[in-house]
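The chain contents come next:
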Amino acid sequence: MRRTARLRTALVRTAAAAGAALAVVAVALTAQGTQRQDPGPGDATATAPGISGITVTRRTGGGFEALVVHDSKKPGEPRISRYAHRPGKAPRVVPLDWRGAGEPVDLEAVDRVPGRPGEYIALASEGIGYRVRDAGDAGDAGVEVLDLFPLPAISEGDNFEGFALAPTARPGVMVAVWADRGQDDRPATLYAARMVLNQYGEPRFGPVRTAELRAPYPALDVRHASDLTITATGELLVSSASDPGDEGPFDSAVYRAGHVGLDDAGTVRLTLAEAPRTKATFEGHKVEALACVPGTRQAAIGTDDEANGGALLTAALCG
């Protein structure tokens, strides 16, 4: 049975000057069902950097605030920004300074560190993680790099686009999941492990579980895992994207891939669905960022539409 999904698309526009807050225009649209979510009017005019990763930092009434990363590669381009989504009002994006380490290349994912307010892990496509602190202070537009580390069990050819953390019932113990995106005939590879931070805040991983994954949609020029998130019940939601080149046309989906968590013995269990189920598709967009808004069924879905800039959609996909 089809249902109506209400999406809100935020189209990011270029700043008038370097370091200024980016103005954002919110466009509302309605699409029928979960089989196709059409792009809103004006998408082709968005010119600011796209969104390659997102984590929701807090809810604000009917909206939310988020930290987003950009897959910038050149010096001086934005790496990370704060995003404020306010229904009925123009959202705002504030680029943040990157402090304490050299500028990363090709950031593709970011998530909160459970139990450590203001701390996040951002992941570059080569598999290098950056633990950063953002106090969320409006008067301090910057993040500080606290640590950087390689992910375990990296294989030759891996190109990482997804990373997520989830708390567990064991104090200080988290579940980490990350994904090589795969491409066409090559499936994505999902990795999962226990993670703790030692006394210096450095990540330490347990044995790594792996599983291969193919997206149910799209079919051509497909990245099988362009991002992922873990819901409050341990469900794995994964985005996929068709990317034939910078000019598109793009197409994307969000689908249920399986579950992850710790068993009674504290061992990570990664269970993938035999037939992953598509929950929504997004024609005209290349979805690269996915996160659940805590305490709601809403997902924040970020896109990197290359020459057409970035968009942020919301849809009831979590839970």
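Everything discussed here concerns the structure shown above.
Residues numbered from 1 in each chain as written. Predicted model: local features only at pLDDT ≥ 70, side-chain atom pairs only at ≥ 80, totals over all residues. Heavy atoms only, no water.

Visitor: With reference to specific residues and values, describe the pattern of salt bridges.
Guide: Here the structure, examined in full by the defined rule, presents 21 salt bridges. Here Arg79 and Glu103 are joined by a salt bridge, their closest N and O atoms 3.7 Å apart. With Arg79 in the loop between strand S4 (63–69) and strand S5 (80–85) and Glu103 in the loop between strand S6 (92–99) and strand S7 (107–112), this pair connects stretches of sequence that are 24 residues apart. When salt bridges with common partners are traced through the structure, they connect Glu161, Arg181, Arg223, Asp243, Lys286, Glu288 and Glu306 into a single cluster. (Salt bridge = Lys/Arg side-chain N within 4 Å of Asp/Glu carboxyl O. Helix = DSSP H or I, 4+ residues; strand = E, 2+ residues; numbered from the N terminus.)

Visitor: Pulling in residues and values, what's your account of the sheet that holds strand S18 (residues 251–262)?
Guide: Pairing in this open sheet of 4 strands is antiparallel, and the strands run S16-S17-S18-S19 from one edge to the other. Two strands bound the open sheet, and with one partner strand each, they are strand S16 (222–230) and strand S19 (268–281). If you compare each strand with its neighbour and ignore which way they point, the axes differ by 25° on average. Judged from the 8 bridges that link them, strand S17 (residues 235–242) and S18 form a sheet pairing that is antiparallel. Among the inter-strand pairings, Ser240 is bridged to a residue of S18, identified as Ala253. (Pairing = 2+ DSSP bridges. Axes fitted to C-alpha atoms, helices over the stretch in contact; angles between N-to-C directions.)

Visitor: So what about the packing of aromatic side chains? Which residues, and what values?
Guide: The tally for this structure, following the rule as stated, stands at 5 aromatic pairs. Between the aromatic rings of Trp98 and Tyr130, the centroid separation amounts to 5.5 Å while the plane-to-plane angle is 75°, which identifies the pairing as edge-to-face. Of this pair, Trp98 sits in strand S6 while Tyr130 is found in strand S9 (residues 128–133), placing the two residues 32 residues apart along the sequence. For Trp98, a relative accessible area of 13% puts it in the buried group. For Tyr130, a relative accessible area of 8% translates into the label buried. Judged by centre distance (5.6 Å) and plane angle (70°), the ring pair of Trp178 and Phe205 falls under edge-to-face. (Phe/Tyr/Trp six-rings, centres within 6.5 Å; stacked < 30°, edge-to-face > 60°. Buried < 20%, exposed > 50% of the residue type's maximum accessible area, 1.4 Å probe, protein only.)

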